[in-house]
Amino acid sequence: MKTTFGLLAATALLSATAAAQDVVPRADATPGTLREPVVVDPWTGRSEGDIRHLDQRLNSIIVADFSALEAPQVPDTLLDGRTVLLKDNIEAREWPTTAGSLALANNATGRDAPLVANLRRNGGVVLGKTNLSEWANFRSTNSTSGWSGVGGQTLNPHATDRNACGSSSGSGAAVAAGFAWAAIGTETDGSITCPASVNGVVGFKPTVGMVSRARVLPLSESQDTAGPMTRSVPDAALLLTAIAGSDPLDPATVQADQYYGDFTVGLADASLEGVRVGVVRNRYGGFEPLRVVWEQALEDLRAAGAELVDVEFTPNGEMGEAEYTVLLHEFQRDIDTYLKDSPADIPVRSLEDLIAFNEANADREMRWFGQEILEAALETTDTEAYEEALATSRRLAREEGIDAMLAANDVAFLVVPTRGPAWNVDLVLGDHFNGGIGIGSLAAIAGYPHLTVPMGHIEGLPVGLSFIGRQWDDHAILKAGAAYERARSAEIPEPRFAPWQPWPVAAEQ
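Residues numbered from 1 in each chain as written. Predicted model: local features only at pLDDT ≥ 70, side-chain atom pairs only at ≥ 80, totals over all residues. Heavy atoms only, no water.

S.K.: Hey, could you run me through the overall build of the protein in this one?
M.R.: When you go through the protein residue by residue, the secondary structure sums to 16 helices and 16 strands. A globule of 509 residues ought to have a C-alpha radius of gyration of about 23 Å, and the protein, at 21 Å, matches this closely. In terms of principal-axis extent, the alpha carbons of the protein reach across some 65 × 55 × 50 Å. The proportion of buried residues among the 509 residues of the protein is 61%. Of the contacts formed within the protein by residues at least 6 apart in sequence, a portion of 77% connects residues at least 24 apart. (Helix = DSSP H or I, 4+ residues; strand = E, 2+ residues; numbered from the N terminus. Rg over C-alpha atoms; globule rule 2.2 N^0.38 Å. Buried < 20%, exposed > 50% of the residue type's maximum accessible area, 1.4 Å probe, protein only. Contact = heavy atoms within 4.5 Å.)

In structure tokens form, the structure reads like this:
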């Protein structure tokens, strides 16, 4: 049954928050409470009715087709019928691809992105599309992550009054909730790793060029990539194996096949014994509860045999300024091409058209925040300034950033907290980030692999540990993450599907 989940923004947050007051047990724990017939996902144990009911609390899925679970599967395939949700900026033949924008509500192209074609060819079942921060959170400086005009506000399954981060908000929330075996997100700067971290799942941003970006709505040619969001590192490696590889439609992937292989190989017995690990110790934002969880993760790494080496990092404002120029220029250039070439009947064929559409539909699209970033992008057309900014941002993130830290300290990879815990949803004031946590922007601008793995929680709110390595070190980073995942001693909470409450204090023995 094909089902549309998304609610418009005016009602989504209120209805999802209200629904969260009464937590419904999982269907498999309370037989007979769901309507018949019940279609159960064998990889998650969730039924169609279970997902429909619980997602009223999260608003993570825009559209789904549960009849896909009943379709005959090709035997002996890599994924063997595992269910996958797609962020709704990735084309799939069944549904429109909207980027969360009402302007693209009818963008039904009838085609699969190459990464989706790879997924299906390897036995993956595309279950549906997930909500996201509209236009990958590249519309306003005062936005609320996880909100889109098409899908409304995505909420965090661990605390339904808190944010799921973005822009792959629905992908992170849905995987944490067990709505599918995995999801695919996309990242330009933090859009896989942040929602994975705050929703308590694994997120992997591969080297830019490992996975094709063709027929994925573009933001930045130099930084965009799709990547897996899963419940474990081996699952992320398996999904990456299914979607990665060179693609003639995306020149950035020309080297991918040189580094492509079965990314699950070696994960089961990967070891940190004797591995020199660079610890970016000062990037916890001065937040003491995060430091406590972070130190426990470091103890787990040490207990697994790693040699921890403190690495200094000083933020460089010039890098961020240059990155912003790059994103503005690449977005205005490439979104025009995508909109012009879409085979669907859509009302916008350029960035200028999109801005005008939002103004004409301001009551639905701009009640909570504006579009000043889109307007700035429209004016960012100086190619010489762009090329200079691209060279600057890459130099500072690569040669003088990650490469320099790894080489100067003779370490295999870097570890650092990914983000702080989820913050309260605030449509009026927007997001509340602690900018002093993590170094994800370095990996994003460099185009290098970045894996986040749950490392514990703060009062029931998950936080992640980042593993960052050299370009094309994807397999090595996945092996390191898998070794840590086995050594981890911290408790990883299960979603409550209810508003936040203080974590129970263990009784004294």
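S.K.: What is the right way to look at the pattern of salt bridges in this model?
M.R.: Should their charged atoms come close, side chains of opposite charge can pair. One pass over the full model with this rule turns up 20 salt bridges. In this structure, Glu 134 and Arg 139 form a salt bridge, with 3.1 Å as the shortest nitrogen-oxygen distance. Of the charged contacts in the structure, one is a salt bridge between Arg 213 and Asp 250, with a shortest N-O distance of 2.6 Å. Pair noted here: Arg 213 is in the loop between β10 (202-205) and β11 (225-230) and Asp 250 is in the loop between α7 (233-243) and α8 (256-259), with a separation of 37 residues, a long-range link. (Salt bridge = Lys/Arg side-chain N within 4 Å of Asp/Glu carboxyl O.)

S.K.: Help me out: how do you make sense of the environment of Gly 305 in this one?
M.R.: For Gly 305, the position within the fold is in the loop between α9 (288-303) and β13 (307-310). Between the C-alpha atoms of Gly 305 and Val 275, which are 30 residues apart in sequence, the distance is 7.3 Å. What Gly 305 contacts, discounting residues up to four positions off in sequence, is Leu 272, Glu 273, Gly 274 and Val 275.

S.K.: Help me understand the packing of aromatic side chains in this model?
M.R.: When we look at a pair of aromatic rings, we describe it by the centre distance and by the angle of the planes. A complete count under the given rule lists eight aromatic pairs for this structure. Between Tyr 259 and Trp 472, the ring centres sit 4.6 Å apart and the planes meet at 5°, which makes this aromatic pair stacked. Placement of the pair is Tyr 259 in helix α8 and Trp 472 in the loop between β16 (461-468) and α16 (474-487), with a sequence separation of 213 residues. Exposure remark for Tyr 259: the relative accessible area of 34% places this residue in the partly exposed category. For Trp 472, a relative accessible area of 11% puts it in the buried group. Connected via pairs of aromatic rings, a cluster forms that spans Trp 135, Phe 138 and Phe 331. The ring of Trp 181 has Arg 82 lying over it, and the distance from NZ or CZ to the ring centre is 5.4 Å. Between the NZ or CZ atom of Arg 162 and the centre of the ring of Trp 500, over which it lies, the distance is 5.3 Å. (Phe/Tyr/Trp six-rings, centres within 6.5 Å; stacked < 30°, edge-to-face > 60°. Lys NZ or Arg CZ within 6 Å of the ring centre and 35° of its normal.)

S.K.: I tried to follow a negative patch on the surface on my own but got confused; where do I start?
M.R.: On the surface, Glu 318, Glu 321, Asp 382, Glu 384, Glu 387 and Glu 388 cluster together into a negatively charged patch. Of all the elements in the fold, those that place two or more residues in the negative patch are α10 (317-341) and α14 (383-409). Broken down by element, the negative patch gets its largest block of residues, three residues, from α14. When you line up the elements, Glu 387 lands in helix α14. (Patch = residues over 30% accessible without salt bridge, like charges linked within 9 Å, V, L, I, M, F, W, Y side chains within 5 Å. Areas by Shrake-Rupley, 256 points an atom, 1.4 Å probe, with all protein chains shown as cover. Lys, Arg positive; Asp, Glu negative; His and termini not counted. Charge placed at Lys NZ, Arg CZ, Asp CG, Glu CD.)

S.K.: I would appreciate a short explanation of the state of the cysteines in the present structure.
M.R.: As used here, a disulfide is simply a covalent bond connecting the sulfur atoms of two cysteines. Applying the stated criterion across every chain yields a total of one disulfide. The disulfide that involves Cys 165 links it to Cys 194, with 1.9 Å between the sulfurs. Classification of the bridge connecting Cys 165 and Cys 194 rests on its S-S torsion, roughly 105°, and on that basis the disulfide is right-handed. Of this pair, Cys 165 sits in the loop between β8 (159-163) and α5 (169-176) while Cys 194 sits in helix α6 (residues 193-199); the two residues are 29 residues apart in sequence, bridging distant segments of the chain. (Disulfide = S-S within 2.5 Å.)

S.K.: Even after reading the chapter, I still don't get α16, so can you show me in this structure?
M.R.: At 3.6 residues per turn, the α-helix brings residues three or four places apart onto the same side. Taking 1.5 Å of rise per residue, 14 residues should cover 20 Å, and α16 covers 20 Å from first to last C-alpha, within 8% of that figure. Of all the positions in α16, only Asp 474, Ile 477, Leu 478, Ala 480, Gly 481, Ala 482, Ala 483, Tyr 484 and Glu 485 are classed as buried. Close packing links the buried residues of α16 with β10, α7, α9, β14 (413-417), β15 (450-458) and β16. (Expected span 1.5 Å × (residues − 1).)

S.K.: Even after reading the chapter, I still don't get unusual backbone geometry, so can you show me in this structure?
M.R.: Most peptide bonds adopt trans geometry, and most residues besides glycine take a negative phi value. With an omega of 10°, the peptide bond between Gly 166 and Ser 167 qualifies as cis. With respect to the element layout, Ser 167 can be found in the loop between β8 and α5. With phi around 55°, Ala 136 is a residue other than glycine that occupies positive phi space. Within the secondary structure, Ala 136 sits in helix α4 (residues 134-137). By relative accessible area, Ala 136 is classed as buried at 19%. Positive phi, normally seen in glycine, also occurs at Phe 497, with a value near 55°. If you trace the backbone, Phe 497 turns up in the segment after α16.

S.K.: Looking at this model, I keep getting lost on the environment of Ala 322. Mind explaining?
M.R.: By secondary structure assignment, the location of Ala 322 is in helix α10. Through-space distance from the C-alpha of Ala 322 to that of Leu 102 is 31 Å; in sequence the pair is 220 residues apart. With residues up to four places along the chain from it excluded, the contact list for Ala 322 reads Ala 389, Thr 392 and Ser 393.

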